[in-house]
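# Examination of the molecular architecture
The residues making up each chain are set out below.
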Amino acid sequence: KVLFLIAEKNIGQKYYHFWWWGKSEYKGETIDISAAETALKEAFVKNGFTVVDTGRPEEISVNDAYRVADLNSLEAKEIGKTVNAEVVVYGKAVAKEGPASGSGAVVPYLADITAQAVRVDDGVVLAAAGGHGVSRNVSEVSGGTEAIARASEELAGRLIDQITARWTTGVNLVTITLNGVRDYKRLIEFRNALKGRVRGVSAIYQRKYLDNEAVFEVETTAAAQDMADDIARIADYFKVVKTTPDTIYVTADSDR
């Protein structure tokens, strides 16, 4: 289930427009239907993805702090949670008039779009790409819209290829958060146990150890629930407190 958050600026518009603003106007400019999101949704649906309907943005609860065009991965992920999305694709698209190629009425228009696909569960980046589109039209609005749509079609193909490549390898990336680790030796014990006693683990990346909390990203062929079952058997002082399809949360009893 994919949510698209693409801020778009067509020719003649001073500002980027985006549906999660939640209103029909932004700084006095009417928010039009996004050519980028329309093209992206169409491509993803054709490839078997389910997409979130954003046709009634006023019905989607968005924190006021996130009503901005320049979203970061954390903000995009939080918006995704409000609609139970599994993946959020966020980025920006812009169109401009190209260099004149003669005295005729038909003018070239150019568009560029960049975006990242982020897993909502843990913020892991699944894909990142850009797209470029060109059109020729007598209307600057129509020309810009066509160029954005073509750039978005190119972007969609690249994102879909990257996302499906990750899914078809059979290797999952599971984030494990370990809390309550006051003794670094206990962290080493846990990491070694992941390597030797938890099924399917092929690689472990320690991303953080701060304030008694450690975060690992683990490449595995096993499901997170199966890994959690194995972690629960490592020792009594490692307790699994929460699991999702892509994350495991563990606490360590440092007094034992």
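First, a word on what this report is: a plain description of the structure on this page.

### Topic: the overall build of the chain
- If you tally the helices and strands in the chain, you get 5 helices and 11 strands.
- Oriented by its inertia axes, the alpha-carbon framework of the chain measures out at about 80 × 35 × 30 Å.
- Going through the 256 residues of the chain one by one, you find that 47% of them count as buried.
- A separation of at least 24 residues holds for 61% of the contacts in the chain among residues at least 6 apart in sequence.
- Distance from the positive charge centre (31 side chains) to the negative charge centre (36 side chains) of the chain: 5 Å.

### Re the nonpolar core
- Counting residues in hydrophobic clusters, the biggest one holds 33 residues, and the most contacted among them are Ile 6, Leu 40, Phe 44, Val 89, Ile 113 and Leu 159.
- Contributing elements (two or more residues each) for this core: strand S1 (2–9), helix H1 (35–46), strand S4 (87–97), strand S5 (107–119), strand S6 (125–137) and helix H3 (140–168).
- With 8 residues, H3 is the single largest residue contributor to this core.
- Once you skip the residues sitting within four places of it in the chain, Phe 44 turns out to touch Val 2, Phe 4, Phe 49, Val 51, Ala 156, Leu 159, Ile 160 and Ile 163.
- Of all hydrophobic cores here, the second largest spans 26 residues; its members include Leu 187, Leu 194, Met 227 and Ile 234.

### A closer look at the sheet that holds S4
- Pairing is mixed across the open sheet formed by 4 strands, whose spatial order is S1-S4-S5-S6. Of all the strands in the sheet, just S1 and S6 have a single pairing partner and so form its edges. Looking at each pair of strands side by side, their axes are set apart by 15° on average, direction ignored.
- Two elements, S5 and S6, share 12 bridges in a ladder whose sense is antiparallel. Following the sheet pairing, Val 118 is matched in S6 by Val 125.
- Its contacts with the sheet put H3 on S1, S4, S5 and S6, and the angle it makes with S6 is roughly 155°.

What counts and how
Residues numbered from 1 in each chain as written. Predicted model: local features only at pLDDT ≥ 70, side-chain atom pairs only at ≥ 80, totals over all residues. Heavy atoms only, no water. Helix = DSSP H or I, 4+ residues; strand = E, 2+ residues; numbered from the N terminus. Buried < 20%, exposed > 50% of the residue type's maximum accessible area, 1.4 Å probe, protein only. Contact = heavy atoms within 4.5 Å. Lys, Arg positive; Asp, Glu negative; His and termini not counted. Charge placed at Lys NZ, Arg CZ, Asp CG, Glu CD. Core = buried A, V, L, I, M, F, W, Y, C linked by side-chain atoms within 4.5 Å. Pairing = 2+ DSSP bridges. Axes fitted to C-alpha atoms, helices over the stretch in contact; angles between N-to-C directions.

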